[in-house]
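What follows is each chain in one-letter form.
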Amino acid sequence: MDETLAIARLSALAHSTRLRLFRLLLVAGPNGLTVGRIAEQLPVPAATLSFHLKELSQAGLINGRQQGRFIHYAVTVAAMNDLIGFLTENCCGGEPCGITPVTACCPPAAVVAERTRSS
């Protein structure tokens, strides 16, 4: 990741509403939430919510997918992992430090699907 993209993504998260929105979507997982569900949990005006969704989308941190007449927004996990990787790539002077990889938090979709089938 280049520095310009990292700055854009960090800037998108540098607002309390957008940070709360991002964290809400992260908890929701890969299926995400509709705008209506988001509005129920983040009491902000519709125009304001739309603005913040656009900012996070333009930074590549979330994506929206149309499903019927609803748009479901979800975190772009790869973008989040890339940003965290950029921030920690020189951690501990390049020496192993025991930080758990981010991917342990957000397993690939195939792993999630397998866990769902096993349940």
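Here, the structure is the one placed above.
Residues numbered from 1 in each chain as written. Predicted model: local features only at pLDDT ≥ 70, side-chain atom pairs only at ≥ 80, totals over all residues. Heavy atoms only, no water.

**Q** Any chance you could explain helix 1 (residues 3–13) here in plain terms?
**A** Note: α-helices contain 3.6 residues per turn, so residues at a spacing of three or four share the same orientation. Taken as a whole, helix 1 has its buried residues at Ala 6, Arg 9, Ala 12 and Leu 13. The arc that holds the buried residues of helix 1, viewed along the axis, is 125°, so those residues lie on one side. Facing away from the buried side of helix 1, by more than 90 degrees, are the exposed residues Glu 3 and Thr 4. Residues of helix 1 that are buried make contact with helix 2 (16–28), helix 4 (46–58) and helix 5 (77–88). (Buried < 20%, exposed > 50% of the residue type's maximum accessible area, 1.4 Å probe, protein only. Helix = DSSP H or I, 4+ residues; strand = E, 2+ residues; numbered from the N terminus. Arc of directions from axis to C-beta. Contact = heavy atoms within 4.5 Å.)

**Q** I tried to follow the nonpolar core on my own but got confused; where do I start?
**A** In a soluble, globular protein the nonpolar side chains are often hidden away together inside. With 22 residues, the main nonpolar core has Leu 21, Phe 22, Leu 25, Ile 38, Leu 56, Leu 61 and Ile 62 as its most contacted residues. Contributing elements (two or more residues each) for this core: helix 1, helix 2, helix 4, strand 3 (70–75) and helix 5. For this core, the element with the highest residue contribution is helix 2, accounting for four residues. Setting aside chain neighbours within four positions, we find Leu 56 in contact with Ala 12, Leu 13, Arg 18, Leu 21, Phe 22, Leu 61 and Ile 62. (Core = buried A, V, L, I, M, F, W, Y, C linked by side-chain atoms within 4.5 Å.)

**Q** Help me understand the pattern of salt bridges, please; the structure alone is not making it clear to me.
**A** Pairs can form between side chains of opposite charge whenever their charged atoms are close. This model, assessed by the stated rule, comprises two salt bridges. Lys 54 serves as the salt-bridge partner of Glu 55, at 3.0 Å between the closest nitrogen and oxygen. The partly exposed category is assigned to Lys 54, whose relative accessible area is 37%. (Salt bridge = Lys/Arg side-chain N within 4 Å of Asp/Glu carboxyl O.)

**Q** I'm lost on the packing of helix 2 against helix 4 in this one. Help?
**A** Two numbers describe a pair of packed helices, the interaxial angle and the distance between the axes. One can describe the packing of helix 2 onto helix 4 by two numbers: an axis separation of 10 Å at closest approach and a directional angle of 70°. One element, helix 2, and the other, helix 4, form an angle in the roughly perpendicular class. Touching Thr 17, Arg 18, Leu 21 and Phe 22 of helix 2 are Leu 49, Phe 51, His 52, Leu 53, Glu 55 and Leu 56, all from helix 4. Here the residues of the contact of helix 2 with helix 4 are counted per class, giving six nonpolar, two polar and two charged. (Axes fitted to C-alpha atoms, helices over the stretch in contact; angles between N-to-C directions. Parallel < 35°, antiparallel > 145°, perpendicular 65-115°, else oblique. Nonpolar A, V, L, I, M, F, W, Y, C, P; charged D, E, K, R; others polar.)

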